[in-house]
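# Descriptive structure summary
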Amino acid sequence: MAMNDGAPSRRLAVGAWLTIDATLDNEVSNLVRSGADLDAPEVARARGLRERGWAVNREHPERGLGPVGWPPSEAQFDITLSKDDIGYIVDLLTHHLEATSTNPAAGDAPSVRLLQEESNALTREALDALDALR
């Protein structure tokens, strides 16, 4: 895991971070299901990034005014992210987007496909926000 000593604070919309957080959560679940220990470096990295976002949420003046205890999706917050962190997150989001785009939920109910399309749109928005930070 990359150290963040001296890493700059980056401004993101809460909605973008929630998409990132969900992707990091999926990554942790996938790694653990694949046999990785909770203290494995790749698990610790994803968990550490999630915890960093949670810490920012705890201090945010609009905490609890948005989804599931977070500030509103359009609210901004500052989080410390190194270029390496951003690259790691971009890779995860890109992989998620590629996987869901090449394996659409076409056989599922239309509502499932709609949710997948909405998730992909949010992922593209988060990628755009991260690209702007590079």
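Residues numbered from 1 in each chain as written. Predicted model: local features only at pLDDT ≥ 70, side-chain atom pairs only at ≥ 80, totals over all residues. Heavy atoms only, no water.

### Describing the overall build of the protein
Summing up its helical and strand segments, the protein has 4 helices and 2 strands in all. Along the protein, helices (α) and strands (β) appear in the sequence β-α-α-β-α-α when read from the amino end. In summary, the protein has a C-alpha radius of gyration of 15 Å against a globular reference of 14 Å for 134 residues, a match within 12%. Taken along the three principal axes of its C-alpha coordinates, the protein extends 45 × 35 × 25 Å. Within the protein, the proportion of its 134 residues that are buried is 40%. (Helix = DSSP H or I, 4+ residues; strand = E, 2+ residues; numbered from the N terminus. Rg over C-alpha atoms; globule rule 2.2 N^0.38 Å. Buried < 20%, exposed > 50% of the residue type's maximum accessible area, 1.4 Å probe, protein only.)

### A word on the nonpolar core
Among the nonpolar cores identified, the biggest contains 31 residues, and Leu 12, Trp 17, Ile 20, Leu 24, Leu 81, Ile 89 and Leu 130 are the most heavily contacted of them. The set of elements that each furnish at least two residues to this core consists of helix H1 (14-33), helix H2 (41-59), strand E2 (76-80), helix H3 (83-102) and helix H4 (110-133). In terms of residues, this core owes the most to one element, H1, which gives 8 residues. Contact partners of Leu 81, with chain neighbours within four places excluded, come to Ala 7, Pro 8, Arg 10, Leu 12, Trp 17, Leu 49, Arg 52, Ile 86 and Ile 89. (Core = buried A, V, L, I, M, F, W, Y, C linked by side-chain atoms within 4.5 Å. Contact = heavy atoms within 4.5 Å.)

### Topic: H2
For H2, built from 19 residues, the straight-helix expectation of 27 Å at 1.5 Å per residue is met to within 8% by its first-to-last C-alpha distance of 27 Å. Looking only at H2, the buried set comprises Val 43, Arg 45, Ala 46, Gly 48, Leu 49, Arg 50, Gly 53, Val 56 and Asn 57. Considering only its buried residues, H2 is in contact with H1, E2 and H3. (Expected span 1.5 Å × (residues − 1).)

### Details of the pattern of salt bridges
Oppositely charged side chains can pair when the atoms bearing their charge come close. Applying the stated rule across the entire model yields 7 salt bridges. When the shortest N-O distance is used, the salt bridge between Arg 11 and Asp 78 registers 2.8 Å. Of this pair, Arg 11 sits in strand E1 (residues 9-13) while Asp 78 sits in strand E2, and the two are 67 residues apart along the sequence. The partner of Asp 21 in a salt bridge is Arg 50, and the shortest N-O contact between them spans 2.9 Å. (Salt bridge = Lys/Arg side-chain N within 4 Å of Asp/Glu carboxyl O.)

### Digging into the pairing of E2
Side chains Phe 77 and Ile 79 project from E2 onto a buried face, and the interleaved Gln 76, Asp 78 and Thr 80 project onto a face without burial. By the bridge criterion, 5 bridges tie E1 to E2 in an arrangement that is antiparallel. The residue of E2 that forms the bridge with Leu 12 is Phe 77. (Pairing = 2+ DSSP bridges.)

### Some details on unusual backbone geometry
Phi angles above zero are rare outside glycine, and Val 68 is one such case at about 40 degrees. Considering the arrangement of structural elements, one finds Val 68 in the loop between H2 and E2.

### Examining the packing of aromatic side chains
Per the stated rule, a full pass over the model turns up 2 aromatic pairs. For the pair Trp 17 and Phe 77, a centre-to-centre distance of 6.2 Å together with 80 degrees between the ring planes defines the contact as edge-to-face. On the criterion of sequence distance, the pair formed by Trp 17 in helix H1 and Phe 77 in strand E2 is long-range, its members being 60 residues apart. A single burial state applies to Trp 17 and to Phe 77, both of which are buried. Plain terms: the ring middles of Trp 70 and Phe 77 are 6.4 Å apart, the flat faces sit at 35 degrees to each other, and that makes the pair tilted. With respect to class, Trp 70 is no different from Phe 77; both count as buried. Three or more aromatic residues joined by ring pairs make a cluster, and in this case those are Trp 17, Trp 70 and Phe 77. (Phe/Tyr/Trp six-rings, centres within 6.5 Å; stacked < 30°, edge-to-face > 60°.)

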